[in-house]
Every structure is written in structure tokens, then in C-alpha cells.
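Spelled out from the first residue to the last, the chains are:
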Amino acid sequence: KEAKLWGGRFEEGVTDIVEKFTESISFDKQLYKHDIMGSKAHASMLAQQGLISVSERDSILKGLDEIERSIQAGEFVWRTDREDVHMNIEATLTDMVGEPAKKLHTARSRNDQVLTDFRLWCRDAIDRIVASIINLQVSLVKLALNNEGLIIPGYTHLQRAQPVLLQHLLLAYVEQLDRDAGRLLDCKARLNFNPLGACALAGTGLPIDRFMTSNALGFTAPMRNSIDAVSDRDFVLEFLSANSIIAVHLSRIGEEWVLWASEEFGFITPSDSVSTGSSIMPQKKNPDPMELVRGKSARVIGDLVTLLTLCKGLPLAYNRDLQEDKEPTFDSVKTIIGMLEVSAEFAQNITFNDERIRKALPAGYLDATTLADYLVKKGIPFRTSHDIVGRAVALCVSKNCQLEDLSLEDMRKLSPVFDDEVYEFLGVENAIKKFSSYGSTGLACVADQLDYWVGKLEIK
Ligand code: ARG
């Protein structure tokens, strides 16, 4: 067995059980690209500050490039006895280039190194998630464009409420996703500060230049407080919180589409390419991808809760517990991207059953509120008109008919202000035409919303 990098004060190595329990290489090797990026910036800074020579810097940089290449080619040997990604790379660099590599860790600790890697990794992950969000938004807007004019029942309490344009509802998802992306970008701006140079916790007496590494790595500035820099994980908490909100949004879409695909709703038919069957019931065609979107939201929420729990009892500064921050983060990112991708795929592979939706529209008195507004326009106080329409609905229930089926005579018994014009407010198609407030489901209002998103998402 080779001696540990910290071997000087130790008389023997760790037992196999301890080595297996404490390693993180099995998962933190994902950080390799950012670890190398950070080491290159650090080496360049050390050379600029005269802490290493230019030729030492060059052999470090060359060695790191070679390591990156060999990792990408799948040739790099990851060793559990070298514990984590930082020591694997540093030790291999030393094997490769010898003495200069031993200077790389000057004025650096794994405590600031791991955070540099992790912040850079999260920054890239946020960009990947935002790209997936935009892709889903585009799919939803295209779905809206393909279903112009389709009216569906809008629900509250999962009871029929008022008619809405399908486009209106689809754009509601798009709005939510827009805020989701905004939260991630806010988080990115807050996490983009440089911990490198905080060293173990207290900084260093060596003449390093943290502003130089900040610039090289695209950070806004060095973190002001070295103790904060190595202790803090609130940037990941914020990141996983933002992911959890996305997960909850997607889970709600999942639930809605699963309902819509049911025989009971029958609003959509998912294509075979996004459906799965049953091993026993030959007739089954299930919307599994969206069920799993709903299901996997549990993991993303769980990842956040894991991290919150991990941090809650820790004194400043670094504690080894913090090594446990990575797996939930990797899992959250992988899961949320999968959820976004499959939701977009599903959106691109469903058709709305216009005929069936139209046939079912008369049920539920979706035009009742529009009728109440008609009475308001006639000068009746809203509370009174609410009551009059309520009685009209009760009459329809007893007659087993729709509001538009009531005779003017029937209606006049409820209020003398009813006139022929009332029929322009009744029936779902008519009711939809009456909406006109900003943000409403009115045809022109929804067209405006759609224009906005087509422009913003640059949909051709
Ligand atoms: N693998 C460690 C982690 O992820 C790196 C930091 C280790 N620092 C230490 N002092 N043991 O947290």
C-alpha cells in the first residue's frame, strides 16, 4: 500500500473497512473536470506570485491536461486508497511529473478545493437545467399552438368551474417554469463566488492572489470570509430548494396528465411511444413516464431534506459530514433533468381528443359565472345575481337541462331583468367570448400571452 498524502504523522494506514466507508471517489470523480480547472487556475496563480517557477507551472498544467484526457478516454485508474477526486488527481500528477506536482497544493486545502469544484459544478448544472426548462417550455408552447381555440373545463376542487382555453392552461405551466428558471439563475448569481484560497479555514500567510483565481474561474469575486467559504453549503441548499420547487411543478403536471389520460377524463391520448403496457392485462396502455415524473419528485424533495438535515448540527468550519453533500446534489440534478426531458417528450407525443372534450363540455354549468356577470351588467348587485343564478342552476338540475335550455319565461320568474340577450352569454362557446380582463382566458388575452411566449422563446 502507498503512504497517504498526509502520511507523515501516521504509523499505520487505515483498515479496509474504514477506507471503504470514508472514500468518496466512487461518486466525487464526477467533479474531475472542475477539479482540474481549479488546479490549473491555482497553479497559474502560484507561478504569477512567484510561489512556483514558470517551468514547474508548465509541467503541472501539461500533466493536468494529460490527466483530463486520460479520464475522458476511460484510461485513468481511480484508486479507492487515494480516497477522493482531489487526491486521486494530485497523486497521479505526482506519479506523472514528479517534484513540481508536490507544489500544487501550496496554499490550498481540500476544504477550499472541494468547494471550488462543487460551486463550479453546480454553476454548470444550473445552466443544463435551465436549458432543459426552456426545452420543456418550447414543447408546451408548441402544443398550445397546435390546439388553437380548444376549450376545456377549468377546475377548482377538481370540480368543473369555468371554461378555459387549453392554451391558457398550458401557458400557466410555462409561467411557472419561467419562475423556476429565474430561481436557478438567482441561485447561480449568489453561488458564483470564489472559495479558493480560504485554505483549511483560516486563509494563508503565503502571498496568494485570490482575485486572479476568481477571474480565471469566472467567479464574481473571492469570498470575503475564509471560515464562511469552507463551511457554507447554503448555495447547494438553495439550489436543491429551487430543484424541489421545479419537481413539485412537474409532479403537478404529471398528475394532471395522468388524470387527463384516464378513461374518466379522456382529454388526451398519449402516443404508444410514451406509454407502457401491463404484464398481465393485455388491454392496458399506461402513462408511466408522467407517473414517474410525479414519483421522482419525491427523490428531489428527499435530496433537499437530506442536505438540510446534514447541515443542521454542524459547528464551523469544515466537518467531514459535508462529504455527504455530493450524492444528493448529483441525484437531484440528474433526476430533475430526466423529469424535464421526459415531460417535454410527453408533451410532444400527446393528442387532445377534441371531439370527446367538446361533447363533455355542457356538463357542470361552466357558464354560470358568466351568467352572473350578465346580471351585474344589467345593474343587479353581484351577491343578488349569484343567488339568482344559483336558483337557475337548481332549476336546471331538477329539469336535467343546461342553463341555455331554460326558456326566457323560466328565467324571468327568477328575475325580471332577463331579456333575449342572455342567450349570448350562455353555452361554453359564448361564455369564453365574454372574458376580457388582462391575463384572462378570453381569446384575445390568451393570444397576447401566446405571442409573448412565442417571441420570448423565439419559436418559429
Ligand atoms: N472528500 C472531501 C469532501 O468531499 C474533501 C474534503 C476533505 N477534507 C478533509 N479535511 N478531510 O468533503
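As the structure is a prediction and not an experimental result, all values here were calculated from the model.

The rules behind these values
Residues numbered from 1 in each chain as written. Predicted model: local features only at pLDDT ≥ 70, side-chain atom pairs only at ≥ 80, totals over all residues. Helix = DSSP H or I, 4+ residues; strand = E, 2+ residues; numbered from the N terminus. Rg over C-alpha atoms; globule rule 2.2 N^0.38 Å. Contact = placed C-beta atoms within 7 Å. Near = placed C-beta within 6 Å. Nonpolar A, V, L, I, M, F, W, Y, C, P; charged D, E, K, R; others polar. Domains from an automatic or database assignment. UniProt positions renumbered as here; feature names shortened; annotations may be inferred. Axes fitted to C-alpha atoms, helices over the stretch in contact; angles between N-to-C directions. Parallel < 35°, antiparallel > 145°, perpendicular 65-115°, else oblique. Left-handed = near helix turned anticlockwise from the far one by under 90°. Expected span 1.5 Å × (residues − 1). Buried ≥ 20, exposed ≤ 12 C-beta atoms within 10 Å, placed from the backbone. Core = buried A, V, L, I, M, F, W, Y, C linked by C-beta atoms within 7 Å. Pairing = 2+ DSSP bridges. pLDDT = per-residue confidence, 0-100.

**Description of the overall build of the chain**
Link 1 in the chain: When helices and strands are counted, the chain shows 18 helices and four strands.
Link 2 in the chain: A compact globule built from 460 residues would reach a C-alpha radius of gyration of about 23 Å, whereas the chain, at 31 Å, exceeds it by more than 25%.
Link 3 in the chain: Seen through its principal axes, the chain has C-alpha atoms that stretch 100 × 55 × 45 Å.
Link 4 in the chain: For the chain, the share of sequence-separated contacts (at least 6 apart) that also reach a separation of at least 24 residues comes to 75%.

**Let's talk about the site of the ligand**
Link 1 in the chain: The ligand sits among S24, D28, D84, R110, N111, V114, Y318, R320, L322 and Q323.
Link 2 in the chain: Here the residues of the shell around the ligand sort into three nonpolar, three polar and four charged.
Link 3 in the chain: Built from parts of two domains, the shell around the ligand gets at least three residues from each of domain 1 (7–106) and domain 2 (111–206 + 219–359).

**Focus on the domain arrangement of the chain**
Link 1 in the chain: Domain parsing of the chain yields domain 1 (7–106), domain 2 (111–206 + 219–359) and domain 3 (362–456).
Link 2 in the chain: For domain 1 and domain 2, the distance between their C-alpha centres works out to 33 Å.
Link 3 in the chain: The interface is formed by 13 residues belonging to domain 1 together with 13 residues belonging to domain 2.
Link 4 in the chain: Listing elements by their share of the side of domain 1 that touches domain 2, those giving two or more residues are helix 2 (25–28) and helix 3 (32–48).
Link 5 in the chain: The dominant element in the side of domain 1 that touches domain 2, judged by the number of residues it contributes, is helix 3, at five residues.
Link 6 in the chain: Taken together, the residues of the side of domain 1 that touches domain 2 sort by class into four nonpolar, seven polar and two charged.

**Observations concerning the UniProt feature "domain: Fumarate lyase N-terminal" (unreviewed entry) in the chain**
Link 1 in the chain: Using the residue numbers shown here, the UniProt feature "domain: Fumarate lyase N-terminal" (unreviewed entry) corresponds to residues 8–302.
Link 2 in the chain: End-to-end, the C-alpha atoms of residues 8–302 are 41 Å apart, and along that stretch the chain is 60% helix and 5% strand.

**Comments concerning the packing of helix 14 (residues 368–377) against helix 15 (residues 382–399)**
Link 1 in the chain: As a packed pair, helix 14 and helix 15 sit with axes 9 Å apart at the nearest point and diverge in direction by 135°. When the interaxial angle is binned, helix 14 and helix 15 end up oblique. The chirality of how helix 14 crosses helix 15 is right-handed. Along the contact surface, helix 14 presents A368, L371, A372, L375 and V376, while helix 15 presents F382, S385, H386, I388, V389 and V393.

**Things to note about helix 5 (residues 85–97)**
The α-helix advances 3.6 residues per turn, and as a result positions three or four apart in sequence lie on the same side.
Link 1 in the chain: The end-to-end C-alpha separation of helix 5 is 18 Å, in line with the 18 Å expected for 13 residues at 1.5 Å each.
Link 2 in the chain: Taken together, the buried positions of helix 5 are V85, H86, M87, N88, I89, E90, T92, L93 and V97.
Link 3 in the chain: Each element contacted by the buried residues of helix 5 is listed here: helix 2, helix 3, helix 4 (54–72) and helix 6 (110–145).
Link 4 in the chain: Two residues or fewer past helix 5, G98 is found with a positive phi of approximately 70°.

**A word on the environment of R108**
Link 1 in the chain: Structurally, R108 is set in the loop between helix 5 and helix 6.
Link 2 in the chain: You can call R108 buried: it has 27 C-beta atoms within 10 Å.
Link 3 in the chain: It is 8.5 Å that separates the C-alpha atoms of R108 and T204, two residues lying 96 residues apart in sequence.

**Let's talk about the environment of T22**
Link 1 in the chain: Structurally, T22 can be placed in helix 1 (residues 16–22).
Link 2 in the chain: On the basis of neighbour count, T22 is assigned to the partly exposed category, with 13 C-beta atoms found within 10 Å.
Link 3 in the chain: Separated by 99 residues in sequence, T22 and W121 have C-alpha atoms that sit 22 Å apart.

**Side note on the nonpolar core**
As a rule of thumb, soluble globular proteins bury nonpolar side chains together.
Link 1 in the chain: By size, the foremost hydrophobic cluster in this structure holds 107 residues, and its most contacted members are C122, L140 and L371.
Link 2 in the chain: Beyond its immediate sequence surroundings of up to four residues, L371 is in contact with V389, L403, F425 and L426.

**Description of the pairing of strand 1 (residues 151–156)**
Link 1 in the chain: With six bridges connecting them, strand 1 and strand 2 (residues 159–165) associate as antiparallel partners. Each bridged residue has a counterpart across the sheet, and for G154 the counterpart in strand 2 is Q162.
Link 2 in the chain: Between strand 1 and strand 2, which pair antiparallel in sequence order, lie two residues; one of them, H157, sits at a positive phi of approximately 60°.

**Some thoughts on the environment of E263**
Link 1 in the chain: Within the secondary structure layout, E263 lies in the loop between helix 10 (234–260) and strand 3 (268–270).
Link 2 in the chain: Residues E263 and F330, spaced 67 residues apart in sequence, show a C-alpha to C-alpha distance of 38 Å.

**Brief notes about unusual backbone geometry**
Link 1 in the chain: Cis peptide bonds are those with omega within 30 degrees of zero, and the linkage from L316 to A317 qualifies with 5°.
Link 2 in the chain: A positive phi angle, near 60°, is found at L158, a position not held by glycine.
Link 3 in the chain: Topologically, L158 is positioned in the loop between strand 1 and strand 2.
Link 4 in the chain: In this structure, N400 is a non-glycine residue whose phi angle is positive, near 55°.
Link 5 in the chain: For N400, a count of 7 C-beta atoms within 10 Å translates into the label exposed.

**Some remarks on the confidence of the model for the chain**
Link 1 in the chain: Per-residue confidence for the chain gives a mean pLDDT of 96; residues scoring 70 or more make up 100%.
Link 2 in the chain: Predicted as a complex, the structure gets a pTM of 0.95 and an ipTM equal to 0.96.

**Topic: the packing of helix 3 against helix 8 (residues 210–217)**
Link 1 in the chain: One can describe the packing of helix 3 onto helix 8 by two numbers: an axis separation of 9 Å at closest approach and a directional angle of 140°. When the axis of helix 3 is compared with that of helix 8, the two are oblique. For the pair helix 3 and helix 8, the sense of crossing is right-handed. Touching M37, G38, A41, H42, S44, M45 and Q48 of helix 3 are M212, T213, A216 and L217, all from helix 8.

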